[in-house]
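Remarks on the overall topology
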Amino acid sequence: MPVTRRQFIKRGAGMVTVGIVIPKFWLSAARGEQIDFTPRRKLVVIQLAGGNDGFNTVVPYTDARYHSLRPTLAFRDAELKTNNGTSTIISNEFGLHPAMGEIKALYDEGRVAIVLGVGYPNPNLSHFLSMDIWHTADPNGVGSRGWLGKYADLALIGQPSLTAASIGSLDLPKSFGAERFVVPNIINFSLYNFIADPNYPGDYNNQTNTFNFAAGRTLSTGSFIGAINNTAFESVRGAQQVQKSISNYKSSIAYPANNPLAAGLQMVAQLMTTVPEASLLYVQMGGFDSHSDQIGDRQADRGNKGVGDHATLLKWFSEAIKLFHDDLTEHGLADDVLMMQWSEFGRRPDENASFGTDHGTAAPIFVLGNPVRSGLYGAQPSLAATELDPAGNVKFNVDFREVYATILDRWLGADSKAVLGAQYPNVGFLG
Amino acid sequence: MAGITYDAAAHLLRRMGFGGSPAEIDDITSRGREGAVDLLINYEQIDNRAMEDMLRSSFDFSDPFDFPRFNRGELQRWWFTRMTYTRRPFEEKMTLFWHNHFATSASKTGDLFVYNQNLTLRSHALDQFESLLLRVAQDPAMLLWLDGITNVRGKPNENFARELQELFTMGITDAVTGEPNYTEQDVKEIARAFTGWKFFHPRNDPNPFSYQFIVNPPEHDNTTKTIYGGTQWARTGNLDGADVIGVICARRATARYVVKKLFDFFVYPLGEAIDRATIEKFADVYMNRNHSIKELVSAIFTSDEFFSQRARFALVKSPVEIIVGPIRMLGARYNPGASAREAASNNILPAVSIFLGQELFNPPDVSGWKLNLGWINTSTLLNRFTYADLLAINRTRDLNAPGLWLSQEQLRSLAKKNSKKTVKKLLSILGPLDVGSEIVAALRNYLESDDGGNSAGFAPDDLTIDKKVRGLIHLIMCLSEFQLN
């Protein structure tokens, strides 16, 4: 029998662990249309914010139009190799950016699916609206609920342990916008705690009891204060759990200090290996808005495609995925984890004069991990002049909601229609 | 002159500044709506020498290339010091508003240029809108931030042209009618109008902060552009950036968008249909008063909408408000320390601010910080509680040591002789917060509890004040009500 917040307070100082408190209204809501929660299957969503340049990520190196639209930026086939000389070519048509050697190796091992030409109808070139469209899975990008938040409301409510979290960034992504479920957002573990005056440790229980009494109130839902109060209660409850668990993490993987995505994925690994229920994790890395300096722009390396912002970011992406995958393998979790990368749009196929590219439309996305059926899916958008829209943008071939639906149906065991509001075809990258 | 209530005055000071001490609120109370708003808006008349003296003794910004004395952390410390000690709080609040509006990050543009931009935003915060916008657009920070300096004839870079319309002036769609305000073609044409915009440091100018704007003729597209074709705003000609800004700022869509931004930041989040009349009413002020920001904000802050119940505690405090507010309300001590990195405690406010989700001079992207619930997630909320603890328990024997302090003497003046009065006093100072009798009882219960959780009564002796009144301040700042503004 779970206790209510009020009963919890009345038990007095330090008598119960906060871990078992589940607010009543959540439980009743959860008895409705709950999805069976299968904690073995885990999903890690990786957002590359800013609009990743798909044409220089999965490079159509044999397409003459690619080279004519990008005289400065395009990679020739001879350039598609890593610093070690390993080729990053994956087919007669495509090669990966040379900074992505680790992902090329994973591709060869059968752990990478690439969905080409992902976008949505009537593309919006605003970062913010386009992100909202991807987050909410709504073609107008309206509302505050996200696709993962809707899934969490259906599947994760009532679970006593931490099941979902956004990791490593200060903002909670809108994908996690939920009606009832409070998704934890953890910037770093050391700060994730409720701290009181260390001069008077004997007063700590009085403080937490008073805090919990206040945060345990049921304040009007739909208002800022109601949402704040729920978050306050859940943050302290969850923080105490997380503090207990994550100290058990041990790994031989050395994550580099200068790679922000690796830092986030290490925290994900830390949670996944110590909290068995942790199954829905989200990390993000910004910097992909490459209007300029996409390739080398400084005097010494002007025009050098092997350096510049985009190469650095893709290197971080590739390296972080590999280390995270190795960490999961070491802990016997690699068969249980699916990774999905997305970005709000691609860049336009033609380059600008700043060694960069402007906002575009469709782009490839990666789905990674042992569970995927490796290979290329979707279709590369045509670069033919007649196929581009008046702004010079390509047409999409796969609606991003088809990717979501495939993951929801084939991996998370959810009814994708209940989350997305409509039925979408299966893209095929999961068995 | 008819006064306003204490609560209304506190509301005004929270929104037009960072909250006031009881003495400041009392002063405002006697002035009435117009009088109070006049006083706060016409801030150039207020003597701010004490703060200026403090800045002079704490910072050395004589050389922008002297990294130990001039860097992003120092800029943040400098701004927090201003916000904490200024007698012109609205000047800082408007600067913060514009910083959020023209969200420019030092991570791309460098510290020197965001500092310059900050000075521009402060000194022109209440100008005519296009005058401010043009200055910002021609400031080095914006030219770097949205790639203006690489926007050249023949190969335009669209970054500034897009955000100018989407974020700085009109929005993608009209705030009232919902009609699209511009097309992709307009983005392209407007990018051409801004080609060739550059800046330089005049060779003989001894001031290392002084930069000048110039249009570089060979890089400027000197041909005909057509903007907003097929609409009543259509213009065709050899337009340059200033022409475009003039056209955009004269559009009612801009008036509506600016009103909405101001309301969302200072009053309450505007809904869709129900607030059309409000938007139109203040859009009229913008249109009829020559696009004057000063006239517009004056109309907003003296309005019934601003003083309505709907507006009270209708916003979530931003990190800067959470940090600076209680220092001013409680009369706590913040010593910025001296120039350079003497001690970590010098930089306490900037450090806290980062963990609460608002690093000044480094907004997350060009749309600025997401307000209200955008500030709230489990991490940032736990960090707010940690800051509350920090402020409540930082003790010192040397009140002049750098850092943030709440002295025992100050606490003595806030503590009353019984638990009920002490709780009421602190709820009043930190708000005033209306939290209901249950919470008042719980806080009294806290003040009276011994370490075993049993009631032991309350007597405001030094030990009780040090332990329990500090604890009470921590707990009040952890209340959900305190997170609201």
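Residues numbered from 1 in each chain as written. Chains lettered and ligands numbered in written order. Predicted model: local features only at pLDDT ≥ 70, side-chain atom pairs only at ≥ 80, totals over all residues. Heavy atoms only, no water.

What chain A contains, in helices and strands, is 12 helices and 11 strands. Its C-alpha atoms give chain A a radius of gyration of 23 Å, near enough to 22 Å, the size a compact globule of 431 residues would have. For the C-alpha atoms alone, the extent of chain A along its principal axes is close to 75 × 45 × 40 Å. Counting over 431 residues, chain A shows a buried share of 59%. (Helix = DSSP H or I, 4+ residues; strand = E, 2+ residues; numbered from the N terminus. Rg over C-alpha atoms; globule rule 2.2 N^0.38 Å. Buried < 20%, exposed > 50% of the residue type's maximum accessible area, 1.4 Å probe, protein only.)

On to the overall build of chain B. In terms of regular secondary structure, chain B is built from 24 helices and 6 strands. Computed over C-alpha atoms, the radius of gyration of chain B comes to 24 Å, within 12% of the 23 Å expected from 2.2 N^0.38 for 485 residues, which places it in the range of a compact globule. Once local pairs closer than 6 in sequence are excluded, the contacts in chain B between residues at least 24 apart make up 73%. Element-wise, carbon and sulfur atoms account for 51% of the exposed surface of chain B, whose accessible area totals about 17600 Å². If you average the places of the 55 positive and of the 58 negative side-chain charges in chain B, the two averages end up 3 Å apart. (Contact = heavy atoms within 4.5 Å. Areas by Shrake-Rupley, 256 points an atom, 1.4 Å probe, with all protein chains shown as cover. Lys, Arg positive; Asp, Glu negative; His and termini not counted. Charge placed at Lys NZ, Arg CZ, Asp CG, Glu CD.)

Most of helix H1 (residues 6-16) of chain B is tucked away, with 9 of its 11 residues classed as buried. Restricting attention to buried positions, one finds in H1 of chain B the residues Ala8, Ala9, Ala10, His11, Leu12, Leu13, Arg14, Arg15 and Met16 of chain B.

A few words on the environment of Trp79 of chain B. Residue and element names in this part refer to chain B. Tracing the chain through its elements places Trp79 in helix H5 (residues 72-85). For the pair Trp79 and Pro350, spaced 271 residues apart in sequence, the C-alpha separation works out to 9.2 Å. The residues contacting Trp79, other than those within four sequence positions of it, are Glu92, Thr95, Leu96, His99, Asn118, Arg122, Leu360 and Phe361. Looking at Trp79, its side chain comes within polar contact range of the side chain of Glu92, at 2.8 Å. (Polar contact = N/O pair within 3.5 Å; in protein donor to acceptor, adjacent residues only side chain to side chain.)

Further remarks concern the packing of helix H22 (residues 419-429) of chain B against helix H24 (residues 462-478) of chain B. Residue and element names in this part refer to chain B. The N-to-C vectors of H22 and H24 enclose an angle of 45°; their axes lie 11 Å apart at closest approach. By the angle class used here, H22 and H24 are oblique. By crossing handedness, the relation of H22 to H24 is classed as right-handed. Taking contact as the criterion, the partners of Thr422, Val423, Leu426 and Leu427 in H22 are, on H24, Val469, Leu472, Ile473 and Ile476. Residue composition of the contact of H22 with H24, by class: 7 nonpolar, 1 polar and no charged. (Axes fitted to C-alpha atoms, helices over the stretch in contact; angles between N-to-C directions. Parallel < 35°, antiparallel > 145°, perpendicular 65-115°, else oblique. Left-handed = near helix turned anticlockwise from the far one by under 90°. Nonpolar A, V, L, I, M, F, W, Y, C, P; charged D, E, K, R; others polar.)

Scanning all chains against the criterion turns up 46 aromatic pairs over all chains. Ring centres of Phe90 of chain B and Phe301 of chain B lie 5.4 Å apart, and the angle between their planes is 90°; on these two criteria the pair is classed as edge-to-face. Within this pair, whereas Phe90 of chain B is found in helix H6 (residues 89-101), its partner Phe301 of chain B is found in helix H16 (residues 293-301), the two being separated by 211 residues in sequence. Of the two residues, Phe90 of chain B and Phe301 of chain B, both sit in the buried class. Ring plane angle 80° and centroid distance 5.0 Å describe the contact between Phe113 of chain B and Tyr211 of chain B, whose orientation is recorded as edge-to-face. With a gap of 98 residues between them, Phe113 of chain B in helix H8 (residues 111-123) and Tyr211 of chain B in the loop between strand E1 (197-200) and strand E2 (212-215) connect regions that are remote in the sequence. Phe113 of chain B sits in the buried class, given a relative accessible area of 11%. Using a relative accessible area of 24% as the deciding quantity, one classes Tyr211 of chain B as partly exposed. It is Lys305 of chain A that lies over the ring of Phe75 of chain A; its NZ or CZ is 6.0 Å from the centre. Here Arg310 of chain B stacks its cationic end above the ring of Tyr268 of chain B, 3.8 Å away from the centre of that ring. (Phe/Tyr/Trp six-rings, centres within 6.5 Å; stacked < 30°, edge-to-face > 60°. Lys NZ or Arg CZ within 6 Å of the ring centre and 35° of its normal.)

As a further point, take the interface of chain A and chain B. The partner chain B presents 64 residues to the 57 residues of chain A that form the contact. In total, about 4800 Å² of surface goes out of reach between chain A and chain B, with carbon and sulfur atoms giving 61% of it. For the pair chain A and chain B, the interface holds 4 salt bridges. Two residues, Glu481 of chain B and Arg217 of chain A, come together in a salt bridge whose shortest N-O distance is 2.8 Å. Along the contact surface separating chain A from chain B lie 24 residue pairs in polar contact (both at pLDDT 80 or more). Of all the elements in the fold, those that place two or more residues in the side of chain A that touches chain B are helix H5 (127-136), strand E6 (185-186), helix H7 (204-215) and helix H8 (224-246) of chain A. Looking at the side of chain A that touches chain B element by element, the count peaks at 10 residues for H8 of chain A. In the side of chain A that touches chain B, the residues fall into 29 nonpolar, 19 polar and 9 charged. (Buried area = accessible area lost by both parts, 1.4 Å probe. Salt bridge = Lys/Arg side-chain N within 4 Å of Asp/Glu carboxyl O.)

Tracing the chain through its elements places His291 of chain B in the loop between helix H15 (276-288) and H16. His291 of chain B has contacts with Asp127, Gln128, Phe129, Glu130, Cys249, Ala250 and Tyr286 of chain B, leaving out every residue within four places of it along the chain.

Further remarks concern the environment of Thr380 of chain B. With respect to the secondary-structure elements, Thr380 of chain B resides in helix H20 (residues 378-393). On a C-alpha basis, the gap between Thr380 of chain B and Ile354 of chain B in space is 9.6 Å, while along the polypeptide they are 26 residues apart. Beyond its immediate sequence surroundings of up to four residues, Thr380 of chain B is in contact with Leu170 of chain A together with Phe355, Leu356, Gly357 and Trp375 of chain B. A polar contact is formed between the side chain of Thr380 of chain B and the backbone nitrogen of Asn377 of chain B, at a distance of 2.9 Å.

Turning next to the confidence of the model for chain B. With 99% of its residues at a pLDDT of at least 70, chain B reaches an overall mean of 95. Here the complex is predicted with pTM 0.89, and the ipTM for its interfaces comes to 0.95. (pLDDT = per-residue confidence, 0-100.)

Right, let's get into the pairing of strand E7 (residues 280-285) of chain A. If a strand is regular, its side chains alternate between the two faces of the sheet. All names here are of chain A. Of all 6 residues in E7, 5 are buried, a share of seventy percent or more. Across 6 bridges, strand E1 (residues 42-48) lies against E7 in parallel orientation. Of the residues in E7, the one forming a bridge with Leu48 is Met285. In this sheet, E7 lies alongside strand E5 (residues 164-167) in parallel orientation, the contact comprising 4 bridges. In the strand pairing of E7, Ala165 is matched with Leu281. (Pairing = 2+ DSSP bridges.)

As a further point, take the pattern of salt bridges. Residue and element names in this part refer to chain B. Under the counting rule described, the total for this entry stands at 53 salt bridges over all chains. Between Arg69 and Asp60 there is a salt bridge, and its shortest N-O distance comes to 3.8 Å. Judged by relative accessible area, Asp60 falls into the partly exposed class, the value being 28%. Notably, a salt bridge pairs Asp147 with Lys108, separated by 3.1 Å at the nearest N-O pair. Placement of the pair is Asp147 in the loop between helix H10 (140-145) and helix H11 (159-169) and Lys108 in helix H7 (residues 106-109), with a sequence separation of 39 residues. Look at Lys108 and you get partly exposed, because its relative accessible area is 37%.

Let us look at the side chain of Thr231 of chain A. One can find Thr231 of chain A in helix H8. For Thr231 of chain A, a relative accessible area of 10% corresponds to the buried category. Contacts of Thr231 of chain A, omitting those with residues within four sequence positions, involve Val182 of chain A together with Ile376, Asn377, Thr378 and Leu381 of chain B.

So, on to unusual backbone geometry. Look at the link from Gly431 of chain B to Pro432 of chain B: it is a cis peptide, with omega at 0°. Looking at the secondary structure, you find Pro432 of chain B in the loop between H22 and helix H23 (437-448). The residue Asn122 of chain A is not glycine, and still its phi comes out positive at about 50°. Structurally, the position occupied by Asn122 of chain A is in the loop between strand E4 (112-119) and H5. Although it is not a glycine, Asp147 of chain B adopts a positive phi angle of roughly 65°.

By size, the foremost hydrophobic cluster in this structure holds 225 residues, and its most contacted members are Phe324 of chain A together with Met94 of chain B. Per-element tally for this core: the top contributor is helix H14 (residues 252-266) of chain B, with 9 residues. (Core = buried A, V, L, I, M, F, W, Y, C linked by side-chain atoms within 4.5 Å.)

In this section: a positive patch on the surface. Residue and element names in this part refer to chain B. Taken together, Lys416, Lys417, Lys420, Lys421, Lys424 and Arg444 make up a surface patch of like positive charges. Element by element, the count of residues in the positive patch is highest for H22, at 3 residues. Tracing the chain through its elements places Lys420 in helix H22. (Patch = residues over 30% accessible without salt bridge, like charges linked within 9 Å, V, L, I, M, F, W, Y side chains within 5 Å.)

It is worth spelling out the confidence of the model for chain A at this point. Across chain A, pLDDT averages 89, with 91% of residues at or above 70. Low confidence marks residues 1-33 of chain A, where pLDDT is under 50. Its contacts with residues over four positions away, or in another chain, come to 54 contacts.

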